[in-house]
Structure formats: C-alpha cells, structure tokens
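# A closer look at the structure
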Amino acid sequence: MNLVRICLLLIFCSCGSDFSPYGDPVSVLALPVRPKPEWPLPRWKTAVPESTGVSIDGLHKINLYAYPVDQKDSKSKGIKTNALVIVRDGKIIFENYDLRYGPDHIHLTWDISKSILQTLVGITINKGLLQLEDPGYYHLSSLSRDEDHKKITIRHLLEMASGLSAMESYEFSSLNSTSMAMLYTKGRENMGEYCSSLPLKYEPGTNHYLSSCDTNILALVLKKVYDSQTYSNLPWKELFEPLGIQNATWERDRSGTFVGSSYLYLSARDLAKIGYLYLNNGVWDSKNILPNNWVDLTRTPGKVYKVSPLKPELSTYNYSLHWYVNTGVPDRGLQQPWPDSPNDVIASYGKGGHLLFVIPSLDMVVVRFGDDQDSSFDKNYFLKLIKESIVR
Amino acid sequence: MKKKLLYANLSLFLIFGGWTILNWSEIRSFPFAISAYYSKELCSCFFVMELSEMHCHERVRRFIPFSTFAISKEEKWVQTNSLGGISIARYQSKEFGCVLDEYPLAIHFRENEIDTENKSP
C-alpha cells in the first residue's frame, strides 16, 4: 500500500516538470549573488587590475593575443582588434583601442545586435505585452498565411528554430542567400515581412538554423506590439537610457523596423553595460529590466537542442535564446564549445570577430570589436587566457 | 566526332540556359546586391561610425573589388554603380543611421505604413 502511495506521489511530483518531448532541460546553477554591485552610471569606474585579483602578466598575454605585433590595416588575414574592454567587479580593469577608436567611439556590432534585440523582447515580456509561447501570428498577421506558419512561436524565433527556409550567407556568389536579399535587395523594404513570407522547410521548433530572418521577424513583432512612436523610442527609453548609454545608433529598414539582426552601433564600453545587465540577472540599479527568469533562460540551451537533427554546428553554437552558452548538451553528446573556460560563460558574437562574453563565475564582462578577415581568432584560447589571468 | 561535339555543346548550352531561367530573378538582382551593399555599408561607416573615407573604402571594398561611387558629404548620401546596378544609401539621423533607397526591381513585401521620412526624393 505504501509502495502504491509512493508511486502515486512520484507521478504527481513529476507532472510539473514534464518537458516532453524535449526531455529535461540542461540545468544551470543559480547566478552568483553580487552584493552591493557597482553601477556604471553614467560611466564605468576604472580599477588597477591587481585590486580585483587579475594579474598584469595575464592581461599582457590577452592583449598580445588580441593585438598581435604584426597587426596592420592592410593585412587581409589573421587577428585584428579594434577595441578590447575587460570588466571585473563592476570596474574596467583593462581597455585598449586601435588608433581609430576610443572609449566613446561607436562600432557596428553586426550579429551581436541579435542578442540586444532579445533584450528588447525580454523587456516587452516583462511589461506583459508578449508571452514566450505566443504564436507569432497573434501579433504579426503575415505569420498566419497557413497552418504551418501559425505554429511558429516567439520561443521558436528566439531559439532560431522557426523552420523557415532561410539561407544565411554573406557571399555574393550565393545567389539564393536570404540574408543578402533581406538586407540589400527584395527584402530591404520590410525585412520581417520578407522573412515571414519564406516557405517552411522544417516543422517549427524541430530544427536549429541560425538565421537573421528569425531576428527580424521578432523585430517586426515588437513593432506590432507597440504604437509607432513607442516602438521608435523603445531601445533608447527602455534600455539605453536606464543603462546610461548615451551614444547609440540602431538602423531600420525602409518600413521603420529595426534591423535587429545586424545594425546596432555601440561603443565597446556601452556594450559591456549590456553584458553587465545579464551578469546582474537582468537587474540594473535595483530595477528589474528583464523578467525574473530571463537570464536563466538565456543561460540554458534552447529546447530545440533536444530534438534538432545532430549536426556539427549544434556544438559550435550551443545556442540558447539569441545568445550562445558554454554548457554543452551532455545527454545528446554535445560538448562545450569552449572547454578551457568556465561552463557558465554566455556569449554573443558574430561577423568580423566582434564578441561579448559574460562570465558570472569570474565576475567578468569582456567586449572585443574585431576586424578579422578569417576565423583565426580562437575564442576558446582567448577565454583560457582570461581564466588564467585570474589570481583570486 | 563533330556531331558529338555539337551535342555536347548543345547540352551545355541547354543546361546553362535552364539554370539561368530558373535563377533569373536572383541573377538580375546580383548587381543591385553589390551596389546596395557598398552604398549602405560605406554610408554607415562614414556617417555613423565617423571613420575616414579612405578607411571606409578599405573596410567595404575588401569584399567588393570593383565599384564606382559618389559621396555627398553635405547631403549625406552614397551612390554606387556596380555592373549597371545603382543603389543609394542616405543618412537619416544619429539614432537611425543610414537606409537604402527604394529597391528598383519588383517589390513584394511592403507594409501599408511606409515611413514618409524614408521615401526617396
């Protein structure tokens, strides 16, 4: 009898944690508590590296890797860095810029824009105007073109799992590249509309494919959620101004929708503030900018990782909600993308070698704006150098 | 032998012709993609990131070795002509940076409310 009761109890307890058909999510530890964090309002404070437990020698090695001695403008290959900022304990402990850039100089962030668009989605969810599991067509009529498109949810778009037949390529030889068409030719009038008109290649939520289209559909969804004026001011009023970011440009398509996939410009120092928001669990100066569980969701590989056909890029990307994580997905045999660094790293990166690392266990945020022409910049090695620079 | 060569050439011609017909829309847009890329990224590099014109050409031309262009620093626009495809990008404002003019080929994906400020003059 007792055994039956125990069995019933176990069945009852497991009801709330059923993630079928996805299986259990990858578990992430709670973010470390940061007592009395420093708020860089309006500007970052600086500190001597040793005072925050970082060795000068370690930073020298990081700098040497990011700025090789043979770095030249005309160099067509290898590592080229425009800006590098390292934050620890809420203070800048290291920054270096090449001759054309400085602390306040804005830089095209390319794909990192996607992660900041995710921040705007989080802000909108926090306001109760959008739900993660909402079908997109609730807000965007062009996603109601047929029953299959109607299945695409906000979560699918954030996980890059819409299933739309996009082709992400920036080569001019790729005649069928939807990213090129979206940015430069037939999609440029209204990128979100163009993208949502693409046919489905996979059932939504079953296949991961990194696509700028998914981001720009989200940007258009946000436009439909707000009125025109509120939408135009959204990044500034709800994100940049609270964080003390005074110098930002976010380009739009011809319909006035932000190009969420690609065209946000920020300084390296200000991009570090976005990272710092995530390091502080979505809280800024005692105010909840993001929903309570948003950063934990951002730190967890997407649900699509449980069902997507296995392919090498799953491990390379280890994608969550428009950010990259370093957890791996052990029960699918997917390793950490950066095995020599802490597994709690979350990252945003993209074209040109731009990157934003948030490392909660080291209490660090790192920003690099690159101008790489190839893939020789090794993120794992760079993160290893960062980890090794910590002495306490 | 001559017949075989003729058939081979004819087959190649038919394959290429078929491929061209199937991809005509993309092939036609190719020059516009190049010029739009050059205009937009040069406009943003110069007017938004405020880098020197020479450096902007270096950054953008890296991918596009051939282009003719014009830049108006007063009116803040960039025009590029590549293989007959002409594209213009205009600087809008500090907040919204640069945007390309209307796409000259068929436009299928337009919302009802196009911002008037973005319309081509």
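Whatever comes next refers back to the structure up there.
Below or above, wherever it landed, is the structure these notes cover.

Criteria and thresholds
Residues numbered from 1 in each chain as written. Chains lettered and ligands numbered in written order. Predicted model: local features only at pLDDT ≥ 70, side-chain atom pairs only at ≥ 80, totals over all residues. Heavy atoms only, no water. Pairing = 2+ DSSP bridges. Helix = DSSP H or I, 4+ residues; strand = E, 2+ residues; numbered from the N terminus. Buried < 20%, exposed > 50% of the residue type's maximum accessible area, 1.4 Å probe, protein only. Salt bridge = Lys/Arg side-chain N within 4 Å of Asp/Glu carboxyl O. Phe/Tyr/Trp six-rings, centres within 6.5 Å; stacked < 30°, edge-to-face > 60°. Lys NZ or Arg CZ within 6 Å of the ring centre and 35° of its normal. Patch = residues over 30% accessible without salt bridge, like charges linked within 9 Å, V, L, I, M, F, W, Y side chains within 5 Å. Areas by Shrake-Rupley, 256 points an atom, 1.4 Å probe, with all protein chains shown as cover.

## Some points on the pairing of strand S3 (residues 91–97) of chain A
Residue and element names in this part refer to chain A. Pairing analysis gives 2 bridges linking strand S1 (residues 45–46) to S3, with the strands arranged parallel. For Lys 45, the partnering residue across the bridge sits in S3 and is Lys 91. Linkage of strand S2 (residues 81–88) to S3, two consecutive antiparallel strands, is achieved through a turn of 2 residues, within which Asp 89 is found at a positive phi near 55 degrees.

## Points about the sheet that holds strand S6 (residues 264–266) of chain A
All names here are of chain A. If you trace the 3 strands from one edge of the open sheet to the other, you get S4-S6-S5, paired in antiparallel fashion. Of all the strands in the sheet, the pair left with one neighbour each is strand S4 (107–108) and strand S5 (249–250). With 2 bridges joining them, S4 and S6 adopt antiparallel strand pairing. Of the residues in S6, the one forming a bridge with Leu 108 is Tyr 265.

## What about the pairing of strand S10 (residues 346–350) of chain A?
All names here are of chain A. Burial analysis of S10 places 5 of its 5 residues in the buried class, the great majority of the element. Of the two faces of S10, the one lined by Ile 346, Ser 348 and Gly 350 and the one lined by Ala 347 and Tyr 349 are each fully buried. When strand S9 (residues 324–325) meets S10, the two strands line up antiparallel, connected through 2 bridges. Bridge pairing links Val 325 to Ile 346 in S10. Where S10 and strand S11 (residues 354–359) come together, 5 bridges link them in antiparallel fashion. When the sheet's bridge partners are listed, Gly 350 is paired in S11 with His 354.

## So, the pattern of salt bridges
In total, this model carries 24 salt bridges over all chains according to the counting rule given. Put simply, A:Asp371 and A:Lys80 hold a salt bridge, and the shortest N to O gap is 3.5 Å. Of the two residues, A:Asp371 sits in the loop between strand S12 (364–370) and helix H13 (379–388) while A:Lys80 sits in the loop between helix H2 (56–66) and S2, which places them 291 residues apart along the sequence. Of the two residues examined, A:Asp371 and A:Lys80, each falls in the buried class. The salt bridge partner of B:Lys40 is B:Glu41, with a shortest N-O separation of 3.6 Å. Each of the two residues, B:Lys40 as well as B:Glu41, counts as buried. The structure contains a network of salt bridges with shared partners spanning A:Glu38, A:Lys45 and A:Lys91.

## Structural notes on unusual backbone geometry
Residue and element names in this part refer to chain A. Backbone torsion omega between Leu 41 and Pro 42 reads -5 degrees, so that peptide bond is classified as cis. Examined against the element boundaries, Pro 42 turns out to sit in the loop between helix H1 (2–15) and S1. For Asp 363, which is not a glycine, the phi torsion comes out positive at approximately 55 degrees. Checked against the element boundaries, Asp 363 lands in the loop between S11 and S12. For Asp 363, a relative accessible area of 15% puts it in the buried group.

## Concerning the packing of aromatic side chains
All names here are of chain A. Under the criterion given, the structure shown has 27 aromatic pairs over all chains. Ring centres of Tyr 276 and Trp 284 lie 5.8 Å apart, and the angle between their planes is 85 degrees; on these two criteria the pair is classed as edge-to-face. Tyr 276 sits in the buried class, given a relative accessible area of 0%. Where Phe 377 meets Phe 382, the ring centres are 5.1 Å apart and the plane angle is 55 degrees; that geometry is what we call tilted. Residue Phe 377 shares its accessibility class with Phe 382, and that shared class is buried. One aromatic cluster is present, formed by Tyr 65, Tyr 317, Tyr 319, Tyr 324, Trp 338, Tyr 349, Phe 357, Phe 377, Tyr 381 and Phe 382 through successive ring pairs. Over the aromatic face of Trp 110 sits the side chain of Lys 351, whose NZ or CZ is 3.9 Å from the ring centroid.

## Some thoughts on a nonpolar patch on the surface
A contiguous nonpolar patch, built from B:Tyr7, B:Leu10, B:Phe13 and B:Leu14 and spanning about 480 Å² of accessible area, is present on the exposed surface. The exposure class assigned to B:Phe13 is exposed, which follows from its relative accessible area of 59%.

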